[in-house]
Amino acid sequence: MRDIDVRRKLRVEVERSHECEFDTLIVEELGLCQGIARVDLAVVNGSVHRYEIKSESDTLTRLTFTTA
């Protein structure tokens, strides 16, 4: 499955799960840290939920994991 296929399905699911929340913003390719980092899909509604799409050829080595 390609990135674009996953992205489309993820966007549909995220939009569906937040369709009644008028204070929610869904952003693709959201730049963070003054453009140093980028998130594939973000949901902003008082907090930020970030989604990073990885294909079979990608690795997680560049990601920094934090706990809330």
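Refer to the preceding data block for the structure.
Residues numbered from 1 in each chain as written. Predicted model: local features only at pLDDT ≥ 70, side-chain atom pairs only at ≥ 80, totals over all residues. Heavy atoms only, no water.

Q: How should the nonpolar core be read in this particular structure?
A: L10, V14, I26, L41, V43 and I53 together form the largest nonpolar core, which totals six residues. For this core, the secondary-structure elements that each account for two or more residues are α1 (3-17) and β2 (37-44). Aside from chain neighbours lying at most four places away, what touches I26 is R11, V14, E15, L41, A42 and V43. (Core = buried A, V, L, I, M, F, W, Y, C linked by side-chain atoms within 4.5 Å. Buried < 20%, exposed > 50% of the residue type's maximum accessible area, 1.4 Å probe, protein only. Helix = DSSP H or I, 4+ residues; strand = E, 2+ residues; numbered from the N terminus. Contact = heavy atoms within 4.5 Å.)

Q: Before we go on, may I ask you to explain the environment of R38 in this structure?
A: Among the secondary structure elements, R38 is positioned in strand β2. For R38, a relative accessible area of 53% puts it in the exposed group. C-alpha of R38 to C-alpha of E28: the two residues are ten residues apart in sequence and 9.2 Å apart in space. If we ignore the near neighbours within four places in the chain, the residues touching R38 are E29, L30, G31 and E52. Separated by 2.3 Å, the side chains of R38 and E29 make a polar contact. (Polar contact = N/O pair within 3.5 Å; in protein donor to acceptor, adjacent residues only side chain to side chain.)

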